[in-house]
Amino acid sequence: MNDTSSETATPRMPGSVNDGPRVSVVMPFFNSAEYVEEAIESMLSQTYRALEVIAIDDGSTDDGLAIVQRIAARDQRVRVISEGKRGFVVSLNRGLALARGEYIARMDADDVSLPDRIAKQVAFLDSHPDVGVVGGQILAVLDGKVLTLPWWLDAPLDHDAIESALWHRNSIYHPTALLRRDVLLAASGYRSAFTVVQDYDLWLRLAARTRLANLPDRVLRYRFHDKQATERNHELAYLCTWSARHAARERRAGRADPVRAEVPITREQAIAWGLDPNVMRSEIEWIRASHQARNHIWQGRRLRGIAAFSRLLFSHPVPLIRRASIAIRNRFAQTTAVVVAPVAHHPDPAAPACPVSR
């Protein structure tokens, strides 16, 4: 294991590395040689300097580990952990255990943080002690092009709107999140049963413990590609999303959380918990079709995108209309500064799963 973790010798100033890292950036990586250098450099070049980058190699077989080790050799704020293939969630929790900072910044190895991301988020948490997590808006990177997301994909800003939206979508982009370390530890970190959308399960659990927020600023270039876990396996993404909601409903009702670390989330397990197989098939079809329509629009194939969304209106009118209504409500809240009231009733178990996660 190569673990490099001392501070650089720069003049002392507020927020400098000589004060020790207030922010620990936790970044697992696996076969990310194409992107990982840009991802780490985007953290090292932040205007906020008092940070460390904990880069956890999850058994890479490409040149990614060597690239990260070269960066660590010249910047002592980078700590490299390489302990073989252990899985994304185990790597996240390993990074959390090693973190020295008061705040934990999430970062993925194929994304790029904008230079003032951490400074803005630290300032926000410093001035909002009741908030345990703050995310932000993203720019999408698709086939090398940087795109501004359509407004209906922007994340809601205040806690009530985020909590309400969580019953229908992942409303904090994981690699934009800055979290209070003590809040994350009190929630026992990430749960290994969620091999994908582990962040979505975390947000649902944290919403009952602390307040959540998103900045209106775009803080990250988020790379969309077909190697993402949620894109490789739509069924698993849906099963984990549904199970996270099911667990949240059980907790809200005062019953025991059914999810156990030693019980993997499978189709059979979700059906045993009450998932209707017909609903599952319909929702997976919706995810695939909506992602395809989205990609047509983002790649400039507007006519094909419009046609795909038109087909969705006829084939899956309920999830499409529900998602549109949530987006409009969030947009109204952001532009008028009106606080959106949380949903008063328990969510429909058939609410569409629209994961945006790694």
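All figures in this text were calculated on a predicted structure; none of them were measured in a lab.

Asks: An account of the overall build of the chain is needed here, citing residue identities and associated values.
Replies: Secondary structure assignment for the chain yields 13 helices and nine strands. Per-residue burial for the chain yields a buried fraction of 55% across its 358 residues. Expressed as a percentage of contacts within the chain between residues at least 6 apart in sequence, the contacts between residues at least 24 apart total 80%. On the chain, roughly 14900 Å² of surface is accessible, and the fraction owed to carbon and sulfur atoms is 55%.

Asks: Tell me about helix α2 (residues 64–74), and name the residues and values.
Replies: Turning to α2, its buried residues number three or more, namely G64, L65, I67, V68, I71 and A72. Projected down its long axis, α2 shows its buried positions confined to an angular sector of 160 degrees, all on one face. Pointing more than 90 degrees away from the buried face of α2 are the exposed residues R70, A73 and R74. Of the surrounding elements, those touching the buried residues of α2 are β1 (23–29), α1 (36–44), β2 (51–57) and β3 (78–82).

Asks: Talk me through the pairing of β1; I want residue IDs and the actual numbers.
Replies: Counted residue by residue, β1 has seven buried out of seven residues, so it is predominantly covered. Neither face of β1 is open: one carries V23, V25, M27 and F29, the other S24, V26 and P28, and all of them are buried. Alignment of β1 against β2, held across seven bridges, turns out to be parallel. Bridge pairing in β2 links P28 to I56. Viewed along the sheet, the connection from β1 through α1 into β2 turns out right-handed. Here four bridges tie β1 to strand β4 (residues 103–106), and the two strands are oriented parallel to one another. Residue pairing across strands places V23 opposite Y103, the latter belonging to β4.

Asks: Let's hear about the packing of aromatic side chains: which residues, and what values?
Replies: A full pass over the atoms with the stated rule returns two aromatic pairs. With 4.8 Å between their ring centres and 40 degrees between their planes, Y222 and F224 make a pair best called tilted. A relative accessible area of 1% means that Y222 is categorised as buried. Among the aromatic residues, ring-to-ring pairing joins Y173, Y222 and F224 into one connected group.

Asks: Describe the packing of α1 against α2, listing the residues and the values that go with them.
Replies: When two helices pack together, their arrangement is given by the angle between the helix axes and the distance between those axes. Running from N to C, α1 and α2 point in directions that differ by 25 degrees, and their axes come no closer than 9 Å. In terms of axis orientation, α1 runs roughly parallel to α2. Crossing angle aside, the handedness with which α1 passes α2 is right-handed. Of the residues in α2, those in contact with V36, E37, I40, E41 and L44 of α1 are G64, I67, V68, I71 and R74.

Asks: Provide a residue-level description of helix α7 (residues 198–206), including the pertinent values.
Replies: Think of an α-helix as turning once every 3.6 residues; residues three or four places apart then point the same way. Summarising burial for α7: nine of the nine residues are buried, a large majority. All of the buried residues in α7 are Q198, D199, Y200, D201, L202, W203, L204, R205 and L206.

Asks: Give a detailed account of the packing of α7 against helix α9 (residues 234–252), specifying residues and quantitative values.
Replies: Between α7 and α9, the least distance of the axes is 9 Å, while the angle of their chain directions is 15 degrees. By the angle between their directions, the pair α7 and α9 is classed as roughly parallel. Between α7 and α9 lies a crossing of right-handed hand. Judged by residue contacts, Y200, D201, L204 and R205 of α7 engage T241, A244, R245, A248 and R251 from α9.

Asks: Break down the nonpolar core for me, citing the residues and quoting the values.
Replies: V133, L166, L179, W203, L206 and L212 are the most contacted members of the largest nonpolar core, which totals 49 residues. Elements supplying a minimum of two residues to this core: β2, α3 (88–98), α5 (159–166), α6 (181–186), α7, α9 and α11 (277–298). Among the elements that take part in this core, α9 stands out by supplying eight residues, more than any other. The contacts of V133, once residues within four sequence positions are left out, are L125, I172, A177, L178, L179, W203, L206, R211, L212 and A213. With 45 residues, the next largest nonpolar core counts V25, I138, V219 and F224 among its residues.

Asks: Describe in detail unusual backbone geometry, supporting the description with residues and values.
Replies: One non-glycine residue with positive phi stands out, namely N31, at about 50 degrees. Structurally, N31 is set in the loop between β1 and α1. Residue classification places N31 among the partly exposed positions, given a relative accessible area of 32%. Even without being a glycine, S188 presents a positive backbone phi close to 65 degrees. Inspection of the secondary structure assignment puts S188 in the loop between α6 and α7.

Conventions used here
- Residues numbered from 1 in each chain as written.
- Predicted model: local features only at pLDDT ≥ 70, side-chain atom pairs only at ≥ 80, totals over all residues.
- Heavy atoms only, no water.
- Helix = DSSP H or I, 4+ residues; strand = E, 2+ residues; numbered from the N terminus.
- Buried < 20%, exposed > 50% of the residue type's maximum accessible area, 1.4 Å probe, protein only.
- Contact = heavy atoms within 4.5 Å.
- Areas by Shrake-Rupley, 256 points an atom, 1.4 Å probe, with all protein chains shown as cover.
- Arc of directions from axis to C-beta.
- Pairing = 2+ DSSP bridges.
- Right-handed = clockwise from strand over helix to strand, strands pointing away.
- Phe/Tyr/Trp six-rings, centres within 6.5 Å; stacked < 30°, edge-to-face > 60°.
- Axes fitted to C-alpha atoms, helices over the stretch in contact; angles between N-to-C directions.
- Parallel < 35°, antiparallel > 145°, perpendicular 65-115°, else oblique.
- Left-handed = near helix turned anticlockwise from the far one by under 90°.
- Core = buried A, V, L, I, M, F, W, Y, C linked by side-chain atoms within 4.5 Å.

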